[in-house]
Amino acid sequence: PSSDCVMAEQLCLSDSTCNATYRTLENCALAKTRLLSLDHDSRVRCLNAELDLGNSSLLHCKCHRRMKRQEHCLRIFWTVHSSMTDGYLNLETSPYENSANEEHWKTDYNKLAALVSGKNCSQLAGDATNPCLRATHICNLSKKCFRLRTDYASICTKGAASEDVCDRRKCHRGLRNFFEKVPEDFTKRILFCPCQDEFCGERRRKTIVPDCSFQYNTKPNCLWLLDSCLEDHICKSRLADFQQNCQPVDMSPDGCSLHNHAACLQAYMGMIGTPMTPNYVSNSSVEVSLWCTCENSGNQKEKCDQILGMFESNKCL
């Protein structure tokens with residue numbers, strides 16, 4: 001069976017039985033998107049259609065983080081798995097193929113810089129006291145890294161000097177472009193640079209231009225952030241990926257269920273540029289959070305605390 005949902009959809013549509021089942025699932029997913037409440041018979045029909053796919057390649061297909069038709073691929077995945085989206089805690093199956101491994105994330109940074117610049121790294125020696133500045137300089141040596149970083153920075157800072165509000169949607173798209181299209185060897189070093197002082201910490205915290213991408217004038221409720229996320233195929237997918245790869249377990253020695261910290265950090269990076277964009281909370285620590293609050297959550301306070309705690313107190317992350 002094909003692992004790519006776009007190819008799997010094409011195979012399914014060419015088969016009359018699979019085609020009919022898939023069309024039923026499309027109607028089920030559309031009803032959920034429009035927040036229409038399904039009656040009992042409709043819910044049963046939707047669940048049966050999902051079961052009828054059996055061993056179809058559609059049922060087991062995945063998407064790639066950097067594929068060209070990513071949104072289309074994710075729409076197919078959630079059409080087939082629409083029964084999983086009833087609640088926050090059910091988003092535990094990631095639509096993405098897991099490509100991160102620990103060894104890949106241990107690239108020798110000095111060799112990388114030398115490779116990109118074609119020189120030795122002596123010219124960067126002055127950045128030794130500020131690893132975040134050094135990471136930025138090495139990004140600038142790559143045309144793609146420099147161009148896409150400049151792109152999102154210019155979009156996300158528009159309106160900063162006046163009373164105009166920045167275009168958060170465009171800012172988020174620019175950030176996603178940067179983290180999806182620039183090799184991780186560059187992006188992860190910029191985002192996770194180790195700091196010893198607050199000057200470095202401030203640069204790290206401001207990597208994503210938080211005034212536009214992260215902060216609102218007032219903190220919204222975390223449940224509102226979640227609702228905004230679940231309405232968006234990309235955000236919902238990144239959240240599912242984050243839940244799967246950053247699932248904390250108290251009994252585990254490293255606090256992580258999958259013991260793959262590279263996959264967790266990759267999933268964290270995937271959340272940046274979505275309605276649930278996280279960031280560092282200060283210049284002096286590596287604590288991260290969402291920009292939201294659980295005050296006035298009423299009888300959903302526990303659910304709200306879970307969402308916030310997924311970032312604030314996640315030992316795995």
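Residues numbered from 1 in each chain as written. Predicted model: local features only at pLDDT ≥ 70, side-chain atom pairs only at ≥ 80, totals over all residues. Heavy atoms only, no water.

Looking at an unreviewed UniProt entry, one finds the chain named GFRA4 protein, with Calcarius ornatus as its source organism. As its UniProt record puts it under Sequence similarities (unreviewed entry), the chain is described as follows: "Belongs to the GDNFR family." UniProt, in its Subcellular location (unreviewed entry) section for the chain, records the words "Cell membrane". (UniProt positions renumbered as here; feature names shortened; annotations may be inferred.)

### Concerning the side chain of E9
Along the chain, the position of E9 falls in helix α1 (residues 5–13). Here the side chain of E9 touches H72 through a polar contact of 3.1 Å, side chain to side chain. (Helix = DSSP H or I, 4+ residues; strand = E, 2+ residues; numbered from the N terminus. Polar contact = N/O pair within 3.5 Å; in protein donor to acceptor, adjacent residues only side chain to side chain.)

### Re a negative patch on the surface
Where like charges cluster on the molecular surface, the negative patch consists of E71, D227, E231 and D232. Along the chain, E71 turns up in helix α4 (residues 70–80). (Patch = residues over 30% accessible without salt bridge, like charges linked within 9 Å, V, L, I, M, F, W, Y side chains within 5 Å. Areas by Shrake-Rupley, 256 points an atom, 1.4 Å probe, with all protein chains shown as cover. Salt bridge = Lys/Arg side-chain N within 4 Å of Asp/Glu carboxyl O. Lys, Arg positive; Asp, Glu negative; His and termini not counted. Charge placed at Lys NZ, Arg CZ, Asp CG, Glu CD.)

### A look at the state of the cysteines
Under the definition given, this model contains 14 disulfides. C132 shares a disulfide with C193; S-S distance 1.9 Å. Judged by the sign of its S-S torsion, about 90 degrees, the bond between C132 and C193 is right-handed. Taken together, the residues C132 in helix α6 (residues 131–140) and C193 in the loop between α9 (184–191) and α10 (198–205) connect sequence positions 61 residues apart. Side by side, C132 and C193 carry an identical accessibility label, which is buried. Across a sulfur-sulfur distance of 2.1 Å, C229 and C235 are joined as a disulfide pair. One disulfide, between C229 and C235, carries an S-S torsion of -105 degrees and so falls in the left-handed class. Both residues of the pair, C229 and C235, belong to the buried class. (Disulfide = S-S within 2.5 Å. Buried < 20%, exposed > 50% of the residue type's maximum accessible area, 1.4 Å probe, protein only.)

### Focus on the packing of aromatic side chains
If you walk through the whole model with that rule in mind, you get 7 aromatic pairs. Considering the side-chain rings of F192 and Y268, the 6.0 Å spacing of their centres and the 45 degrees angle between planes classify their relative orientation as tilted. Taken together, the positions of F192 in the loop between α9 and α10 and Y268 in helix α14 (residues 261–271) put the pair 76 residues apart, joining distant regions of the chain. Judged by relative accessible area, F192 falls into the partly exposed class, the value being 24%. Ring-pair connections join several aromatic residues into one group, and the members of that group are Y152, F178 and F179. (Phe/Tyr/Trp six-rings, centres within 6.5 Å; stacked < 30°, edge-to-face > 60°.)

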